[in-house]
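Here's the letter readout for the chains.
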Amino acid sequence: MYYSSKSVSMTPARRDTKFYAIWRIVAVAAIAFGGWLHADSTPTESSPVRIKLFVREESITVLGKTVKVGSIRQANGEMGFSPDITTGFHAEVVNQLPVPTSLHWHGLILPNLMDGVPYVTQDPIPAGGSKNYDFPLQQSGTYWMHSHYGLQEQRLIVAPMVIRTHAKPKLADTEVTVMLSDFSFSSPEQILKGLSGSGGDMAKDKSGTNGMAGMSNLDGINTPDMSKDMNMSGPEKELVVQKWDAVSHRLVSGQTKAPVPNVDVKYDALLANLHTIDQPQVVSVKPGKKVLLRLIAASSATDFFVDTGGLDATIVAVDGEDVQPVKGDFFQLAIAQRLDLLVAIPKEGGAFPILALGEGTTLQTGIVLATPGTKLSKALAIHGERTMGALDNTQEVRLAAKEPLPDKPAKRSLPSVLGGSMTPYQWTINGAAYPNRNSLNVKNGERVEIVITNPTAMAHPMHLHGHVFEVTEIDGQKIKGALRDTISVPAKSIIKIVFDADNPGVWAYHCHIAYHMVTGMFTVLKYAGADTKYWQPDQAKSELDHPL
C-alpha cells in the first residue's frame with residue numbers, strides 16, 4: 001500500500017445471476033464456518049490445480065544497460081496468469097524477494113480477504129513466505145496484477161491477467177496483450193525523496209520544480225483559484241492532444257498551443273512488454289485478419305496516448321467491460337486502466353507500429369504488428385519526436401457501457417474531494433492524508449454514488465477495489481457512461497460514479513499514481529458491520545521501511 005512518512009466482464013448488470021446467487025450463498029456460508037474463502041485456507045484434494053506465482057527479481061536490458069527489476073512469473077517463466085473463468089482462481093504467491101510483498105488482483109470482484117492489500121485485507125507476505133488465494137471468477141476480460149506493498153509497483157512487480165470464457169464470442173483471429181510501464185534508473189525511494197524536496201533534483205523537470213509547479217496550497221476542500229497552475233502556466237508549445245472529429249465521428253490526434261503539462265516524475269524510458277522503443281517487440285500477424293489489442297497501463301506515474309497509426313481501431317472494452325464501439329486512431333489510457341482495441345490488418349500486409357506516448361513528455365514506446373516477409377527497420381517504430389498534451393474527458397464522455405447498471409436511484413452520496421501539496425509533498429482525500437481511521441461508509445444493498453471533485457492542478461486515476469462502477473456525470477453533463485474500476489479525473493473536473501454495494505468488507509480506494517498513494521491519497525470504503533481485523537492504518541508507514 002502507500003502512505004506518507006508522517007477481462008469483457010460479467011459486471012453487476014451482466015453476471016450470470018444463477019452463478020452469482022450460488023456464489024453469494026457459498027461465500028456467506030464459508031465466512032460463517034471459516035471455510036475456503038478465508039485468506040489462509042488450503043484447497044481440498046478435489047480442488048482445481050493450483051498454480052504458483054513467484055515474486056522475485058530478474059534482470060532486463062533498458063537502453064543498453066542491464067538492470068534489476070521485480071517480476072511475477074510462474075515456474076515455466078510465463079509472466080502473470082491467465083485463467084479460464086470456469087476454473088476459478090487458485091494460486092499460491094511465493095515471495096522470493098528479500099523484503100515483504102503482497103499482490104492485488106486489479107479490477108476483480110472477489111471476496112474481501114482475497115484482495116491482497118496489506119494492512120487492509122491481510123498481513124504482508126514475509127520474505128521467503130507464501131500465501132494461497134482461492135476464489136471463483138465472475139468476470140472475463142483484460143485485468144492485471146501488481147504489488148500493493150510500498151513502491152514495489154514502480155520496480156515492475158506487475159503482470160497481465162487476461163481472463164477468458166469459452167462462452168464469449170471470439171472478436172479477432174489474434175490477441176496481443178501489451179503491458180505498458182514507466183522506468184527510471186533511479187530507485188523509487190530516490191524519486192520520492194526528490195519529490196519531497198530532500199533528495200536533490202532526482203525528479204525535477206527543466207524548470208527545477210520537482211516535476212510540478214504552482215502547487216503550494218492544494219490541500220483543502222476550499223482550494224483557491226489556480227488559473228495559473230502547473231497545467232496552465234509556463235511558455236506555450238505545440239502539443240499533441242486527442243480530439244473528436246465530428247464529421248467522421250472518430251477519435252483522432254490534433255494539435256494545440258498550450259503550456260506543457262507537468263508530471264510528477266521524469267522517466268528515463270517507457271516500456272511495452274519490457275521492451276524500449278529502440279528495440280520494440282515485433283508480433284507476427286496475418287494479412288486481412290483482425291487483431292484484438294489488450295492494452296494495460298501498468299505504469300506508476302505516466303498516463304498514455306495510444307496511436308494506432310495507419311490502422312483504424314475500435315474501442316470494444318475498457319477496464320474489462322464491454323462498451324459501445326468507438327472508432328479512431330488516437331486514444332487515451334490513464335494509469336491502471338485497460339483498453340481493448342480491435343484492428344484489421346490490411347490484405348496487402350506490412351508493418352504497423354502501435355505506439356504509446358507519455359503525457360507531458362516526448363517519451364514513447366510500443367510494439368510492431370508485422371505480416372510475414374515484411375522488412376523491418378529500427379526507424380519503423382519511431383514516429384518522430386512529439387510533445388504530448390494532457391489527458392482530458394474527450395474520450396470518456398463518448399464511452400457507453402453495452403450493458404449498463406439497472407436504473408436505480410442512489411440511496412447514499414459520498415464526497416471524494418482530492419487535494420494535494422508540493423511543499424510538503426502530500427496528497428489527500430476529503431482533506432486528510434492517510435494513514436488515518438477515516439472511511440467512506442456504506443451499507444450492504446445500497447446503490448451508492450461517489451462525487452469525485454478534483455480542484456488540484458493534475459489528473460488523478462482513482463481506483464475502487466472489489467466493485468465495478470458506472471460513470472454517470474462529467475462536469476455537469478449527465479451520461480450513461482462506461483463501467484470501470486479506475487476513472488481518471490482531470491484537473492478542475494468533477495466526475496460522478498455509481499455502484500451497487502453488494503460485496504461487504506473493507507476496500508481500498510485511492511489514487512493510482514504510486515507517489516500520491518504513498519503520501520496520503522488513500523482511504524477505505526467500509527461496509528457497516530465489516531470485520532476490520534486486518535485494517536491497521538498505524539502499520540501503513542512500515543511499508544516504506546522495506547525498499548526493494
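Treat the numbers as computed from the prediction; the structure is a model and nothing was measured.

Quick notes on the rules
Residues numbered from 1 in each chain as written. Predicted model: local features only at pLDDT ≥ 70, side-chain atom pairs only at ≥ 80, totals over all residues. Heavy atoms only, no water. Helix = DSSP H or I, 4+ residues; strand = E, 2+ residues; numbered from the N terminus. Buried < 20%, exposed > 50% of the residue type's maximum accessible area, 1.4 Å probe, protein only. Areas by Shrake-Rupley, 256 points an atom, 1.4 Å probe, with all protein chains shown as cover. Arc of directions from axis to C-beta. Contact = heavy atoms within 4.5 Å. Pairing = 2+ DSSP bridges. Axes fitted to C-alpha atoms, helices over the stretch in contact; angles between N-to-C directions. Core = buried A, V, L, I, M, F, W, Y, C linked by side-chain atoms within 4.5 Å. Polar contact = N/O pair within 3.5 Å; in protein donor to acceptor, adjacent residues only side chain to side chain. Salt bridge = Lys/Arg side-chain N within 4 Å of Asp/Glu carboxyl O.

1. Section: the overall build of the protein
Next up, step 1: When helices and strands are tallied, the protein shows 3 helices and 32 strands.
Next up, step 2: Scored against the burial criterion, the 548 residues of the protein give a buried share of 60%.
Next up, step 3: Surface exposure of the protein reaches about 20,600 Å², of which carbon and sulfur atoms provide 52%.

2. Digging into helix α2 (residues 188–195)
Next up, step 1: Along α2, the residues classified as buried are Pro188, Ile191, Leu192, Gly194 and Leu195. Projected down its long axis, α2 carries its buried residues within an arc of 160°, all on one side.
Next up, step 2: Those residues of α2 that are buried are in contact with α3 (514–517).
Next up, step 3: Among the residues trailing α2, Gly197 stands out with phi positive, at a value near 85°.

3. Section: the sheet that holds strand β3 (residues 89–95)
Next up, step 1: One open sheet accounts for 4 strands, arranged β2-β1-β3-β5; its pairing is mixed. Each of the sheet's edge strands pairs with one partner strand only, and the pair in question is β2 (65–73) and β5 (130–135). Put simply, the sheet's adjacent strands are angled 30° from each other on average, direction ignored.
Next up, step 2: Here β3 runs beside β5; their pairing, made up of 6 bridges, is antiparallel. Note on β5: the bridge partner recorded for Glu92 is Asn132.

4. Some details on the nonpolar core
Next up, step 1: Judged by nonpolar contacts, the single largest core of 76 residues is most densely connected at Trp105, Met462 and Tyr515.
Next up, step 2: Looking at this core element by element, the count peaks at 4 residues for strand β7 (residues 158–163).
Next up, step 3: When near neighbours in sequence (up to four residues on either side) are disregarded, Trp105 contacts Leu53, Phe89, Val93, Leu110, Met114, Asp115, Tyr133, Phe135, Trp144, Met145 and Met161.
Next up, step 4: In terms of nonpolar packing, the next biggest core, distinct from the first, is built from 33 residues, Ala272, Leu333, Leu339 and Ile345 among them.

5. Brief notes about unusual backbone geometry
A negative phi angle is the norm for most residues apart from glycine, just as the trans form is the norm for most peptide bonds.
Next up, step 1: In this structure, the amide linkage connecting Tyr434 to the following residue, Pro435, adopts the cis form with an omega of 10°.
Next up, step 2: In this structure, Ala336 takes a positive phi of about 80° despite not being glycine.
Next up, step 3: Take Ala336: it is sitting in the loop between β17 (330–333) and β18 (338–344).

6. A word on the sheet that holds strand β32 (residues 522–527)
Next up, step 1: What the 5 strands build is an open sheet, ordered β23-β32-β31-β25-β29; its pairing is mixed. Among the strands making up the open sheet, the edge pair consists of β23 (440–442) and β29 (486–489). Strand after strand, the sheet turns through a mean of 20° between neighbouring axes, direction not considered.
Next up, step 2: Judged from the 3 bridges that link them, β23 and β32 form a sheet pairing that is parallel. Bridging from a neighbouring strand, Asn441 pairs with Lys526 of β32.

7. Quick look at the side chain of Ser184
Next up, step 1: Mapped onto the elements, Ser184 comes out in the loop between β8 (174–183) and α2.
Next up, step 2: A distance of 3.0 Å separates a polar atom in the side chain of Ser184 from the backbone nitrogen of Ser186.
Next up, step 3: Contacts of Ser184, omitting those with residues within four sequence positions, involve Ile191, Tyr267 and Asp268.

8. Some details on the pattern of salt bridges
Next up, step 1: Counted according to the given criterion, the structure contains 20 salt bridges.
Next up, step 2: Residues joined by salt bridges that share partners form a network here, namely Asp319, Arg338, Glu396, Arg484 and Asp485.

9. Describing the pairing of strand β30 (residues 493–500)
Next up, step 1: Burial within β30 is extensive, with 6 of its 8 residues counted as buried.
Next up, step 2: Sheet topology places strand β26 (residues 469–474) next to β30; 4 bridges connect them, and they run antiparallel. The partner of Glu470 across the bridge, within β30, is Val498.

10. As for the environment of Val368
Next up, step 1: Residue position: Val368 is located in strand β20 (residues 364–370).
Next up, step 2: With 86 residues separating them along the chain, Val368 and Val282 place their C-alpha atoms 4.8 Å apart.

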